[in-house]
Amino acid sequence: NRQLPTAFTENMILKNPSNDIMNKLMRSVLVLYSYDDNPDATDTANLIRQSIQLIAQFPTIIAYGYMAKAHYFKGESLVIHAPKKGVGTAENILHLIRPDSKYTETEAEILDLCLVIHAEHGGGNNSAFATHVVSSSGTDTYSAITTALGSLKGPKHGGASHKVKAMADDIVAHCINWDTDEAVEAYLQRMLAKEVFDGSGLIYGMGHAVYTISDPRVKLLKEKAAVLAAEKGQLKLFELYDRIERLGTKLLNAKTGQEAMICANVDLYSGFVYSQLGIAEELFTPLFAAARISGWCAHRMEQVINEPKIMRPAYSSTGLSQGYVGMGER
């Protein structure tokens, strides 16, 4: 049931708006504990029930949180739609965040793809690992999922699509002839030399801890992104992202000396897709959460059901041994 309790919507979201949607989502999930008649039980049936409810309610919380922010912090009209019955999550998201509720079949299809490919890709990522660690303590589902949200809120984890969009915007603004390979390659070289953009020496949207030869999610998303770009009249901008992928791969592999060991990751095209869908940038990471909640819940159930021991990572100091120094001598 995507519909939130009336008291929850009014008291938690509308009366306590937040300028950060991830902050609002975390607080909302914790408060949902109080609306659960059996919040602490960790039997399989209860975990499945809680998981399904959270997966269903995330898009509504995100959309209402965004609309509350737009109204209270930006002075825009407050528009709250009831969730649609009989349609998928992607369609409901577009319905909920657009004042006119309108969307095309292509828009719904590509947002659905985004949600699917962001849902999960193994337990080694920061938020999934955090879910395992906290769940191993025996805590409740709402606390565990809020922990995962706190991890994803960090810009090093959930903020990659923001950086890619900022990078592409910078190229358009400062790179003359950005619609040519020669100009973009020269600008990317300057980025690697820390001369332009944010001075980090990074090409955002490139490289992945697991995927090296290729990221299969990129191929799927890129194909649909091209269709969406054609529908929106933004093929020239889409071609810029394609140049970043092609030329960035070449430059980075030449720099590391490892042929085909660095490839584009899914974040390269996700921000572009969200922008073409008219989705506000502050919703990029929350939509990542709306997708990843299914993976987090699966990891939580795996941990609780299969491993009774609490996770306790071991740490070993690599510093040199030092003798005790008295307080007055420090």
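Chains are numbered independently. Their residues run from 1 in the order of the written sequence. The predicted nature of this model means local features are confined to residues of pLDDT at least 70 and side-chain atom pairs, given and counted, to a pLDDT of 80 or more, with totals for whole chains, interfaces and linings taken over all residues. Excluding hydrogens and water, the side-chain values take into account all heavy atoms of the structure.

Before going further, it helps to examine the overall build of the protein. By the criteria applied, helices consist of DSSP H or I runs no shorter than four residues and strands consist of E runs no shorter than two, each listed in order from the N terminus. Secondary structure summary: the protein contains 13 helices and zero strands in total. Along the chain direction, N to C, the helices and strands of the protein fall in the order α-α-α-α-α-α-α-α-α-α-α-α-α. Computation of the radius of gyration draws on C-alpha atoms, with the globule rule given as 2.2 Å multiplied by the number of residues to the power 0.38. Scaling as 2.2 N^0.38, a compact globule of 330 residues should have a C-alpha radius of gyration of about 20 Å, and the protein matches this with 22 Å. Principal-axis analysis of the C-alpha atoms gives the protein an extent of 70 × 60 × 40 Å. Buried residues in the protein amount to 48% of all 330 residues. Contacts are residue-level and defined by heavy atoms, with any inter-residue pair within 4.5 Å sufficient. Counted over contacts in the protein with a minimum sequence separation of 6, partners at least 24 positions apart contribute 73%. For every residue, the accessible area obtained with a 1.4 Å probe (protein chains only) is divided by the maximum for its type, and the residue is called buried under 20%, exposed over 50%, and partly exposed between those limits.

Now for the packing of helix α1 (residues 6-14) against helix α3 (residues 44-72). Inter-axis angles, ranging from 0 to 180 degrees, are taken between N-to-C directions of lines fitted to C-alpha atoms, where helices are fitted over the stretch in contact. Following both chains from N to C, one finds α1 and α3 inclined at 50°, their axes separated by 10 Å at the closest point. Between α1 and α3, the angle is such that the two are oblique. Viewed along their axes, α1 and α3 form a crossing whose handedness is right-handed. Across the interface between the two elements, Phe-8, Thr-9, Ile-13 and Leu-14 from α1 touch Ile-61, Tyr-64, Gly-65, Ala-68 and Tyr-72 from α3. Just so you know the grouping, Ala, Val, Leu, Ile, Met, Phe, Trp, Tyr, Cys and Pro go in nonpolar, Asp, Glu, Lys and Arg go in charged, and all remaining residues, Gly too, go in polar. By residue class, the composition of the contact of α1 with α3 is seven nonpolar, two polar and no charged. Any angle that is under 35 degrees is reported as roughly parallel, and any over 145 degrees as roughly antiparallel; angles of 65 to 115 degrees are reported as roughly perpendicular and all others as oblique. Handedness of a crossing follows from how the near helix is turned relative to the far one, being left-handed for an anticlockwise turn of less than a right angle and right-handed for a clockwise one.

Every buried residue of α1 is listed here: Phe-8, Thr-9, Met-12, Ile-13 and Leu-14. Buried residues of α1, viewed axially, fall in a sector of 155°; they line one side. On its buried side, α1 packs onto α2 (21-32) and α3. What the arc measures is the spread of directions leading from the helix axis to the C-beta atoms.

Attention now goes to unusual backbone geometry. What is expected of a backbone is that most residues other than glycine have negative phi and most peptide bonds are trans. For Ser-101, which is not a glycine, the phi torsion comes out positive at approximately 65°. Mapped onto the secondary structure, Ser-101 falls in the loop between α4 (89-97) and α5 (105-117). One non-glycine residue, Phe-197, lies in the positive phi region at around 60°.

Right, let's get into the side chain of Asp-242. Tracing the chain through its elements places Asp-242 in helix α11 (residues 235-256). For Asp-242, a relative accessible area of 18% corresponds to the buried category. Ignoring anything within four residues of it in the chain, the contact list for Asp-242 reads Lys-222 and Tyr-269.

Two elements in contact, α11 and helix α12 (residues 267-276), have axes whose closest approach is 10 Å; the angle formed by their N-to-C orientations is 170°. Between α11 and α12, the angle falls in the class roughly antiparallel. Contacts between α11 and α12 pair Leu-237, Phe-238, Tyr-241, Asp-242, Ile-244 and Glu-245 from the former with Leu-268, Tyr-269, Phe-272 and Gln-276 from the latter. Taken together, the residues of the contact of α11 with α12 break down into seven nonpolar, one polar and two charged.

As a further point, take the pattern of salt bridges. A side-chain nitrogen of Lys or Arg and a carboxyl oxygen of Asp or Glu constitute a salt bridge if their distance falls within 4 Å. By the definition in use, this model includes 18 salt bridges. A salt bridge links Glu-195 to Arg-190, with the shortest nitrogen-to-oxygen separation between them at 3.4 Å. On the accessibility criterion, Arg-190 (39% relative accessible area) is partly exposed. In this structure, a network of salt bridges that share partners links the residues Asp-181, Lys-222, Asp-242, Arg-243, Glu-245 and Arg-246.

Moving on, we get to the environment of Phe-129. Along the polypeptide, Phe-129 turns up in helix α6 (residues 126-135). Residues Phe-129 and Ala-148, 19 residues apart in the sequence, show an inter-C-alpha distance of 8.4 Å.

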